[in-house]
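Residue strings, one per chain:
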Amino acid sequence: MPELLQREKMASGEEAQRSLQFRLLTTDHLDDVIAGLSFLTKLPRVDANRIAVAGHSFGGQLTLLTAERQNSVRAAVTFGAAAASWKDWPELRERLLSAVRKTSAPLMLIHASNDYSTAPGNAMAAERKRVSKPQVLKIYSAVGKTSEEGHNFVYSAVDRWETDVFKFLDANVH
């Protein structure tokens, strides 16, 4: 997908790139995740009552929209959802805040302190608290020296978040 978005930006500008990304987030890619969940729930070895979703960055945004649409999701975990785009993209902010308001599943929102921004996690946790819905916000100490390293700590610092995430899942997916 990054190549597709980069081509759109080069051909038509940043606003066109955002428009395409938002469309993919709320249609094609979301539909793919929903179809994948539907497939999983039909497998005999899968307990359809114990499904959680998790995602990083764009995948974290998809996680929030999936949890909003699928009542069968028992918990959702995001890593750095919207960290790079929160500040400058009001349409995305409002769409994700709407999703966290409507989602019944408990949410765990995760960032490293040196992510591009921790504002999305803080705002979404505050919104969940405002509507009295379960949430956990974890902002871990900096990973690496750059925002990119902080954003990608899901891959490079599993030892920091793994125990907390599995405790969250154990408590909410029963």
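The shown structure was predicted, so the numbers you read here are calculated from the model rather than taken from an experiment.

**Digging into the overall build of the protein chain**
- Counting secondary structure elements, the protein chain contains 9 helices and 4 strands.
- Scanning the protein chain from its N terminus toward the C terminus, one meets helices and strands in the order α-α-α-β-α-β-α-β-α-β-α-α-α.
- In terms of overall dimensions, the protein chain is globule-like: its C-alpha atoms have a radius of gyration of 16 Å, near the 16 Å expected for 174 residues.
- Seen through its principal axes, the protein chain has C-alpha atoms that stretch 45 × 35 × 30 Å.
- The buried share of the protein chain, reckoned over its 174 residues, is 44%.
- On the protein chain, roughly 9,100 Å² of surface is accessible, and the fraction owed to carbon and sulfur atoms is 51%.
- Distance from the positive charge centre (22 side chains) to the negative charge centre (20 side chains) of the protein chain: 6 Å.

**A closer look at the packing of helix α5 (residues 90-102) against helix α6 (residues 119-130)**
- Where α5 meets α6, the axes come as close as 9 Å, and the angle between the chain directions of the two elements is 35 degrees. When the axes of α5 and α6 are compared, the crossing they make is right-handed. Residues L96, L97, V100 and R101 of α5 lie in contact with α6, whose contacting residues are A123, M124, E127, R128 and R130.

**What to know about unusual backbone geometry**
- With phi around 65 degrees, A82 is a residue other than glycine that occupies positive phi space.
- Secondary-structure assignment places A82 in the loop between β2 (73-79) and α5.
- Judged by relative accessible area, which is 1%, A82 ranks as buried.
- Although it is not a glycine, S132 adopts a positive phi angle of roughly 55 degrees.

**A word on the packing of aromatic side chains**
- Per the counting criterion, the structure on display carries 4 aromatic pairs.
- An angle of 65 degrees between the planes, with centres 4.8 Å apart, marks the rings of F79 and W161 as edge-to-face. Within this pair, whereas F79 is found in strand β2, its partner W161 is found in helix α9 (residues 158-172), the two being separated by 82 residues in sequence. Like W161, F79 is buried.

**As for the nonpolar core**
- L64, L92, L96 and M124 are the most contacted members of the largest nonpolar core, which has 28 residues in total.
- If you list the elements that add at least two residues to this core, you get α2 (14-26), α3 (28-41), β1 (51-56), α4 (58-69), β2, α5, β3 (107-112) and α6.
- Among all residues touching L96, those that are not within four sequence positions of it are Q61, L64, L65, A82, W86 and M124.
- Counting residues in hydrophobic clusters, the runner-up holds 16 residues, among them V77, M108, V143 and F153.

**Structural notes on the side chain of T78**
- You can see T78 is positioned in strand β2.
- Apart from the residues lying within four places of it in its own chain, the contact partners of T78 are G55, G60, T63, L64, M108, L109 and I110.

**Structural notes on the environment of R128**
- Among the structural elements, R128 can be located in helix α6.
- Here R128 falls in the buried class, since its relative accessible area comes to 0%.
- Between the C-alpha atom of R128 and that of Y155, which follows or precedes it by 27 residues, the distance is 27 Å.
- Leaving out residues up to four positions away in the same chain, R128 has contacts with V100, T103, S104, A105, P106, L107, K133, P134 and Q135.
- A polar contact is formed between the side chain of R128 and the backbone oxygen of P134, at a distance of 2.9 Å.

Procedures and definitions
- Counting from 1, residues in each chain are numbered in the order their sequence is written.
- In view of the model being predicted, local features appear only for residues whose pLDDT reaches at least 70, and side-chain atom pairs are presented and counted only at 80 or more, with totals across whole chains, interfaces and linings using the full set of residues.
- Side-chain metrics in this entry use all non-hydrogen atoms of the structure; hydrogen atoms and water are not considered.
- Runs of H or I in DSSP of at least four residues are treated as helices and runs of E of at least two as strands, each being numbered from the N terminus.
- Our radius of gyration is a C-alpha quantity, and the globule rule it is checked against amounts to 2.2 Å times the number of residues to the power 0.38.
- Here the term buried applies to any residue with accessible area under 20% of the maximum for its type, exposed to any over 50%, and partly exposed to those in between, with areas from a 1.4 Å probe on protein chains only.
- The Shrake-Rupley method, run with a 1.4 Å probe, gives the accessible areas here. Residue values count only the displayed protein chains as cover.
- For the charge count, each Lys or Arg is scored as positive and each Asp or Glu as negative, with His and the chain ends excluded.
- In this description, the location of a charge corresponds to atom NZ of lysine, CZ of arginine, CG of aspartate or CD of glutamate.
- Interaxial angles span 0 to 180 degrees and are taken between N-to-C directions of axes, which are lines fitted to C-alpha atoms, for helices over the stretch in contact.
- Crossing chirality is assigned from the near helix's rotation relative to the far helix, an anticlockwise turn below a right angle marking it left-handed and a clockwise turn marking it right-handed.
- By definition, residues are in contact when any of their heavy atoms lie within 4.5 Å.
- In this analysis, rings of Phe, Tyr and Trp, with Trp reduced to its six-membered ring, are considered paired at centre separations within 6.5 Å, and the interplanar angle assigns stacked below 30 degrees, edge-to-face beyond 60, and tilted for intermediate values.
- To qualify as a nonpolar core, a set must consist of buried Ala, Val, Leu, Ile, Met, Phe, Trp, Tyr and Cys residues joined through side-chain atoms within 4.5 Å.
- Polar contacts here mean pairs of N or O atoms no more than 3.5 Å apart (in protein, one a potential hydrogen donor and the other a potential acceptor; neighbouring residues in sequence count only if both atoms are side-chain atoms).

Purely geometric numbers; function is a separate question.
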